[in-house]
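# Inside the fold
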Amino acid sequence: MHLDPSSVHYPVLKEFDEHLINAVGAARKTREMYLRYSQEFLRDCVGEDTPLGTVKWDLLKVASFVADRHGNRGTQTMKSTATALRSFFRFLEMKGWGDKRLVSAVPMIPRYRLSSVPEFMTREQLNQFLRSLPRREPLERRDYAVVLCLARLGLRVHEVALLSIDAIHWRDGFVDINSDKTRRSDVMPLPKDVGGAIVAYLKRGRPATKTRQIFVRHKQPIGTSISGGAISALFRRRLKKSGMELPGRGAHRLRHTLATHLVQQGTPLKQIADILRHRSLDTTVLYAKVNLPMLRKVALPWPCDEEAGR
């Protein structure tokens, strides 16, 4: 769940948010993450009524707070917590409210490159999931078009949320993708089924609204822009209704699925990086680990019993 910057309970966090906007230039998703973990730290380790200028910082509490995130939520959450707290502690030190030892008290979380394998759907699973999506009602048409944007274009959830009617060039068959994360615009071909699903939603599903964003809310306030968090929730809801049993339910699975299928059909990594709009090819290399057909070709044959006894 993302923390709305307007919902923070500590005045210092509102100043921290302004700092992230004006001095750091952080994207909204990054700000939400930093504010959420900083607020949790203040609540658990400082208290709501304690003036920051009078706090006697306990460095052991800082390390314990980060370590607890590993036990409850996993390594990636622990890494995110550590990154957020370092930024927050630097801000506190700049304001004269912190201790210069706080940043060094945050434990370093090791990251082993290419240590994980992205979760993805097989082609059969993806086709089964898409077939399970109803398209009769307005909300169903919206959800189907959203899922196709995730699956065929490999978009991030916030990129789907930001997708504008003005971004689609129907005659030329391409779409402009604006990313709040990378702060740049990229041009991508518009697959026929994605374009058809968007047209069906615009003509027979989308509520009357003045917003230029394609996908909008169907509940109060009707017709207002949808968030990346809502896109994620939409995917989880549709996956649950499909009855498919898959590990993890994040919408990013569809981005991983597109990349994995491209790798397995022999698409060059540089081309996949361009499709996914990765700024570094190192990010794309992760998907080489799931190229099972290629791995089968390079794997040595297992010796039979007779050969093993020689």
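Quick notes on the rules
Residues numbered from 1 in each chain as written. Predicted model: local features only at pLDDT ≥ 70, side-chain atom pairs only at ≥ 80, totals over all residues. Heavy atoms only, no water. Axes fitted to C-alpha atoms, helices over the stretch in contact; angles between N-to-C directions. Helix = DSSP H or I, 4+ residues; strand = E, 2+ residues; numbered from the N terminus. Contact = heavy atoms within 4.5 Å. Nonpolar A, V, L, I, M, F, W, Y, C, P; charged D, E, K, R; others polar. Buried < 20%, exposed > 50% of the residue type's maximum accessible area, 1.4 Å probe, protein only. Lys, Arg positive; Asp, Glu negative; His and termini not counted. Salt bridge = Lys/Arg side-chain N within 4 Å of Asp/Glu carboxyl O. Parallel < 35°, antiparallel > 145°, perpendicular 65-115°, else oblique. Left-handed = near helix turned anticlockwise from the far one by under 90°. Pairing = 2+ DSSP bridges. Polar contact = N/O pair within 3.5 Å; in protein donor to acceptor, adjacent residues only side chain to side chain.

What follows concerns the packing of helix H7 (residues 138–153) against helix H11 (residues 252–264). Where H7 meets H11, the axes come as close as 7 Å, and the angle between the chain directions of the two elements is 35 degrees. Residues Val 147, Leu 150, Ala 151, Arg 152 and Leu 153 of H7 form the contact with H11, whose participating residues are Leu 254, Arg 255 and Leu 258. When the residues that make up the contact of H7 with H11 are grouped by side-chain class, the tally is six nonpolar, no polar and two charged.

Attention now goes to the side chain of Arg 255. Inspection of the secondary structure puts Arg 255 in helix H11. The buried charged residue Arg 255 lacks any salt bridge partner; its closest oppositely charged side chain belongs to Glu 159, at an N-O distance of 4.7 Å.

With that settled, consider the packing of helix H1 (residues 11–24) against helix H2 (residues 28–45). In contact at an axis separation of 10 Å, H1 and H2 are set at 155 degrees when each is read in the N-to-C sense. By the angle between their directions, the pair H1 and H2 is classed as roughly antiparallel. The crossing of H1 and H2 is right-handed. Each of Val 12, Leu 13, Phe 16, Asp 17, Leu 20 and Ile 21 in H1 lies in contact with H2, whose residues at this interface are Arg 31, Tyr 34, Leu 35, Ser 38, Gln 39 and Leu 42. Residue composition of the contact of H1 with H2, grouped by class: eight nonpolar, two polar and two charged.

Below, the discussion takes up the pairing of strand E2 (residues 174–179). Side chains Val 175, Ile 177 and Ser 179 project from E2 onto a buried face, and the interleaved Phe 174, Asp 176 and Asn 178 project onto a face without burial. Summarising the sheet, strand E1 (residues 168–169) and E2 pair through two bridges and their orientation is antiparallel. Across the sheet, His 169 pairs through a bridge with Phe 174, a residue of E2. Where E1 hands over to E2, the hairpin turn is made up of four residues, of which Gly 173 adopts a positive phi near 70 degrees.

Right, let's get into the side chain of Arg 36. The residue Arg 36 is located in helix H2 in this model. For the buried Arg 36, no salt bridge is present, and the opposite-charge side chain at shortest range is Glu 40, 4.7 Å distant. One polar contact links Arg 36 to Tyr 37, side chain to side chain, over a distance of 3.4 Å.

Another point: unusual backbone geometry. That bond from Gln 220 to Pro 221 is cis: its omega, -5 degrees, falls within 30 degrees of zero. For Pro 221, the location among the structural elements is in the loop between helix H9 (192–204) and helix H10 (228–242).

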